[in-house]
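Spelled out from the first residue to the last, the chains are:
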2 protein chains.
Amino acid sequence: MKTRILSACIMLPLLALVFLGGKVLLVACFVIGLMGVGEFYRGFEALGVKPCRWIGYLSALALAGVGLFHGSYPDRVMEYQLYFVWFFAVVLASLLYLFSIEKRQPADAAATITGAFYVVFFSYHVVLVDQSAAPVLVWLIFLSAFGTDIMAYFTGVAIGKHKLCPKISPKKTIEGSIGGILGSVILCGLFGWFFAEEYFVHCLVVGGLGGVISQLGDLTASIFKRKMGIKDYGNLIPGHGGILDRFDSVLFTAPMVYYYIVFVLGFGAGYPV
Amino acid sequence: MKTRILSACIMLPLLALVFLGGKVLLVACFVIGLMGVGEFYRGFEALGVKPCRWIGYLSALALAGVGLFHGSYPDRVMEYQLYFVWFFAVVLASLLYLFSIEKRQPADAAATITGAFYVVFFSYHVVLVDQSAAPVLVWLIFLSAFGTDIMAYFTGVAIGKHKLCPKISPKKTIEGSIGGILGSVILCGLFGWFFAEEYFVHCLVVGGLGGVISQLGDLTASIFKRKMGIKDYGNLIPGHGGILDRFDSVLFTAPMVYYYIVFVLGFGAGYPV
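Thresholds, definitions, all that
Residues numbered from 1 in each chain as written. Chains lettered and ligands numbered in written order. Predicted model: local features only at pLDDT ≥ 70, side-chain atom pairs only at ≥ 80, totals over all residues. Heavy atoms only, no water. Helix = DSSP H or I, 4+ residues; strand = E, 2+ residues; numbered from the N terminus. Rg over C-alpha atoms; globule rule 2.2 N^0.38 Å. Buried < 20%, exposed > 50% of the residue type's maximum accessible area, 1.4 Å probe, protein only. Contact = heavy atoms within 4.5 Å. Buried area = accessible area lost by both parts, 1.4 Å probe. Salt bridge = Lys/Arg side-chain N within 4 Å of Asp/Glu carboxyl O. Pairing = 2+ DSSP bridges. pLDDT = per-residue confidence, 0-100. Core = buried A, V, L, I, M, F, W, Y, C linked by side-chain atoms within 4.5 Å. Axes fitted to C-alpha atoms, helices over the stretch in contact; angles between N-to-C directions. Parallel < 35°, antiparallel > 145°, perpendicular 65-115°, else oblique. Left-handed = near helix turned anticlockwise from the far one by under 90°. Nonpolar A, V, L, I, M, F, W, Y, C, P; charged D, E, K, R; others polar. Least-squares fit on C-alpha atoms with pLDDT ≥ 70 in both. Phe/Tyr/Trp six-rings, centres within 6.5 Å; stacked < 30°, edge-to-face > 60°. Expected span 1.5 Å × (residues − 1). Bend = angle between axes of the 7 residues up to and from the residue. Polar contact = N/O pair within 3.5 Å; in protein donor to acceptor, adjacent residues only side chain to side chain. Disulfide = S-S within 2.5 Å. Patch = residues over 30% accessible without salt bridge, like charges linked within 9 Å, V, L, I, M, F, W, Y side chains within 5 Å. Areas by Shrake-Rupley, 256 points an atom, 1.4 Å probe, with all protein chains shown as cover.

Chemist: Would you mind going over the overall build of chain A with me for this structure?
Modeler: Each helix and strand counted, chain A has 10 helices and 2 strands in total. Ordering the α and β elements of chain A from the N terminus gives α-α-α-α-α-α-β-β-α-α-α-α. Computed over C-alpha atoms, the radius of gyration of chain A comes to 19 Å, within 12% of the 19 Å expected from 2.2 N^0.38 for 273 residues, which places it in the range of a compact globule. When the backbone C-alpha atoms are referred to their principal axes, chain A occupies close to 55 × 45 × 30 Å. Split into buried and exposed, the 273 residues of chain A put 58% on the buried side.

Pasting the structure below:
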């Protein structure tokens, strides 16, 4: 309970960052990716795996760099080529990291790659949405993630009876999960009604999808932490977890909103997305 | 020695596939990616890691699918969005694979992701080069890889004295390595001279880069095999290794040639690349 109120307090300044958007939001995403990938690698270290932190950090910096110059490339294809080379470079660097053959194991490279893609690339979709043709929908990333989390919690406490997936997260209930989805739909719907009228129906749909996928994001983080034998990813506010504990759902809702814009709203067919 | 002559015999039909290009080459790359990722995952299984084969196979199919319809999308940005969603879906599917929490470990997801990117995505750059504005340079991918391999072998046998990296690959020598680079430069140069005159100087440069990077590709495969405790990735021709043993260098030279075309030849700035 106390955690949730405190989390909410951390999230308030975030609203300002989302409102400002553009380069401010990009830098915020960079910081979250940077800290998040460090936390994720630390979790792997608890398993005896040794990912290369520098590759993770530099991958966050490089991705932010491509995003920073959005709009100043000769064309969109060139920008996408830079993203392509990013994927190649992350994998290549992680493989070359194994050349100190006596100190490394294949899992070290695999964990390095996984952290860069799961934490840095996934969270970067916040920037992609902000740079898309429907930047206002960036709010849905956070509204669906936090709406689900908060409503799932209160519904679960109030009427939760049937366990959702006791092996992954023993306290979660089916009732809470449904409440979370409803919370996301309501919050995203209200947002659409008041601030993005032309997307109102889409906001409801994204709210529903976000309610499901943000719980998958939350559970994915729970699985990793359980397997790594850690309670929280980090210790940003002592006793209340790290960056990844706060943003585990956002890692999943951000790509969902982005690909919804591209493939459902159909902006992918034309410049600029 | 016998292996190398036999390998050469396997490579001869490949020449026809490269010559035909287009959809024929795409299907050949798909088959190599499919078989290669299966072999790579089998190597991880020798370490007790259980990657999800289906994700690897489907990722190869999906990537080939995007390539198959190249040119029929409304525009290039839409095509790149499909590649983007491929990157996202591979990682997401590998994470969701962990939801059978009692049977899976984080390394299973990490290995799944690594195989899809290292084998499927890297080898797919053959198709990207073939679909670029300089498709004739697709030959350099194979000429540099096999030129390096063959010349490094003969130079090493003839005058090899100083070990290159005994811990990774005990038989390789510095003399052989230099011979390999020269072999790649000569072969790529000859190709440029006779078949791609307008790119002659670029062929020499790509030959030199390819001579280095194809050896890194070879050594990367050696590291994995050594760590996995296997001699060869597969057993395609009994006693002479699998697909990945034959194409380990190509996995590295293909992206190199592609990004050379995009960023050095500068075709990335304009449609169509």
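Chemist: Help me understand the interface of chain A and chain B in this model?
Modeler: Interface size is often expressed as the accessible area that is lost when the parts come together. Contacts between the two partners involve 54 residues from chain A and, on the opposite side, 55 residues from chain B. Together chain A and chain B conceal approximately 5300 Å² of surface at their shared face, both sides included; 83% is due to carbon and sulfur atoms. Where chain A packs against chain B, one counts 2 salt bridges. A salt bridge links Glu-102 of chain A to Lys-167 of chain B; its shortest N-O distance comes to 3.3 Å.

Chemist: Would you take a moment to explain the pairing of strand E2 (residues 169–173) of chain A for this structure?
Modeler: The side chains of a regular strand alternate, first on one face of the sheet and then on the other. Two elements, strand E1 (residues 163–165) of chain A and E2 of chain A, share 2 bridges in a ladder whose sense is antiparallel. Residue pairing in the sheet places Lys-163 of chain A in a bridge with Thr-173 of chain A of E2 of chain A.

Chemist: What am I meant to see in the confidence of the model for chain A here?
Modeler: Regions with low pLDDT should not have their predicted coordinates read in detail. All names here are of chain A. The predicted model of chain A has a mean per-residue pLDDT of 92, with 93% of residues at 70 or higher. For the stretch residues 269–273, pLDDT sits under 50, and the model shows 16 contacts to residues farther than four places along the chain or on other chains. In the predicted complex, the global pTM is 0.95; the interface-specific ipTM is 0.95.

Chemist: Sorry, what's going on with the nonpolar core here?
Modeler: Taken as a class, soluble globular proteins show a tendency for nonpolar side chains to be buried jointly. Of all hydrophobic cores here, the largest spans 171 residues; its most connected members are Phe-117 and Tyr-118 of chain A together with Phe-117 and Tyr-118 of chain B. Residue contacts for Phe-117 of chain B: discarding those within four places in its chain leaves Phe-87, Val-91 and Phe-117 of chain A together with Trp-86, Phe-87, Val-90, Val-91 and Phe-122 of chain B.

Chemist: How should I be thinking about the packing of helix H3 (residues 53–68) of chain B against helix H5 (residues 106–130) of chain B in this particular structure?
Modeler: When two helices pack together, their arrangement is captured by the angle between the axes and the distance separating the axes. Residues and elements named next belong to chain B. Two numbers describe how H3 lies on H5: the axes approach to 9 Å, and their chain directions differ by 30 degrees. If you check the angle between H3 and H5, you find them roughly parallel. The crossing of H3 and H5 is right-handed. Judged by residue contacts, Ile-55, Gly-56, Ser-59, Ala-60, Leu-63, Ala-64, Val-66 and Gly-67 of H3 engage Thr-112, Ala-116, Val-120, Phe-121 and Tyr-124 from H5. Split into classes, the residues belonging to the contact of H3 with H5 amount to 9 nonpolar, 4 polar and no charged.

Chemist: Just checking my understanding: could you explain the environment of Val-205 of chain A for this structure?
Modeler: Residues and elements named next belong to chain A. One can find Val-205 in helix H8 (residues 200–228). The exposure class assigned to Val-205 is partly exposed, which follows from its relative accessible area of 37%. Put simply, Val-205 and Gly-189 are 16 residues apart on the chain and 8.7 Å apart in space, counted from C-alpha to C-alpha.

Chemist: Explain the environment of His-202 of chain A here, please?
Modeler: All names here are of chain A. Inspection of the secondary structure puts His-202 in helix H8. Classification of His-202 as partly exposed rests on a relative accessible area of 26%. On a C-alpha basis, the gap between His-202 and Val-90 in space is 35 Å, while along the polypeptide they are 112 residues apart. In this view, His-202 contacts Tyr-260, Val-264 and Leu-265; residues no more than four positions away in its chain are not counted.

Chemist: Even after reading the chapter, I still don't get the relation of the copies chain A and chain B, so can you show me in this structure?
Modeler: These two copies of the chain differ by a rotation about an axis and a displacement along the same axis. Laying chain A over chain B is done by rotating through 180 degrees and shifting 0.0 Å along the axis; what remains is an RMSD of 0.0 Å. Considering both components of the superposition, the chain copies are consistent with a two-fold axis. Residues of chain A ranked by C-alpha distance from the rotation axis are headed by Ala-110 of chain A, positioned 2.5 Å from it. Take the interface residues of chain A: 100% of them recur as interface residues in chain B, which is what a same-surface contact looks like.

Chemist: Which parts of the structure should I look at to understand the packing of aromatic side chains?
Modeler: Ring pairs (aromatic) are described by centroid distance and by the angle formed between their planes. All names here are of chain B. Under the defined criterion, the tally for this structure stands at 71 aromatic pairs over all chains. Measuring from ring centre to ring centre gives 6.3 Å for Phe-142 and Phe-146, while their planes differ by 25 degrees; the resulting arrangement is stacked. Residue Phe-142 and its partner Phe-146 are both found in helix H6 (residues 138–159); the two are separated by 4 residues, about one turn of the helix. Judged by centre distance (5.2 Å) and plane angle (70 degrees), the rings of Tyr-258 and Tyr-259 are edge-to-face. The pair Tyr-258 / Tyr-259 is uniform in exposure class, with both members buried.

Chemist: What exactly am I supposed to notice about the pattern of salt bridges here?
Modeler: Side chains carrying opposite charge are able to pair once their charged atoms draw close together. All names here are of chain B. A full pass over the atoms with the stated rule returns 12 salt bridges over all chains. Here Glu-45 ties to Arg-53 by a salt bridge, and the two come within 3.3 Å at their closest N and O atoms. Relative accessible area serves as the criterion here: at 33%, Glu-45 is assigned to the partly exposed category. We classify Arg-53 as partly exposed; its relative accessible area is 23%. Salt-bridge contacts for Asp-245 lead to Lys-225; the nearest nitrogen and oxygen are separated by 2.6 Å. Of this pair, Asp-245 sits in helix H9 (residues 243–247) while Lys-225 sits in helix H8 (residues 200–228), and the two are 20 residues apart along the sequence.

Chemist: Just checking my understanding: could you explain H8 of chain B for this structure?
Modeler: Residues and elements named next belong to chain B. Between its terminal C-alpha atoms H8 stretches 41 Å, which fits the 42 Å expected from 29 residues at 1.5 Å a residue. By the largest-angle criterion, Gly-210 marks the main kink of H8, which is about 25 degrees. Positive phi shows up at Gly-229, right after H8, with a value of about 70 degrees.

Chemist: How should I be thinking about helix H4 (residues 76–96) of chain A in this particular structure?
Modeler: Helical geometry: 3.6 residues make up each α-helical turn, so side chains three or four residues apart lie on a common side. All names here are of chain A. Between its terminal C-alpha atoms H4 stretches 30 Å, which fits the 30 Å expected from 21 residues at 1.5 Å a residue. Burial within H4 is extensive, with 16 of its 21 residues counted as buried. N-cap assignment for H4: the residue whose side-chain oxygen lies 3.1 Å from the backbone N of Val-77 is Asp-75.

Chemist: So what exactly am I meant to see when it comes to the state of the cysteines here?
Modeler: As used here, a disulfide is simply a covalent bond connecting the sulfur atoms of two cysteines. Within this structure, the stated rule accounts for 0 disulfides over all chains. Between Cys-52 of chain A, a free cysteine, and Cys-165 of chain B, which holds the nearest cysteine sulfur, the sulfur-to-sulfur gap is 20 Å.

Chemist: It is not clear to me how the side chain of Ser-177 of chain B should be interpreted in this structure. Could you clarify?
Modeler: All names here are of chain B. Topologically, Ser-177 is positioned in helix H7 (residues 174–195). With relative accessibility at 13%, the residue Ser-177 sits in the buried group. Setting aside chain neighbours within four positions, we find Ser-177 in contact with Leu-164 and Gln-215.

Chemist: I tried to follow a nonpolar patch on the surface on my own but got confused; where do I start?
Modeler: Residues and elements named next belong to chain A. A cluster of nonpolar side chains, Met-151, Leu-164, Ile-174, Ile-178, Leu-182, Ile-186, Leu-187, Leu-190, Trp-193, Phe-194 and Phe-195, forms an exposed patch at the surface whose accessible area comes to about 1100 Å². Ranked by the residues each element gives to the nonpolar patch, the list is headed by helix H7 (residues 174–195), at 9 residues. Note on placement: Ile-174 falls in helix H7.

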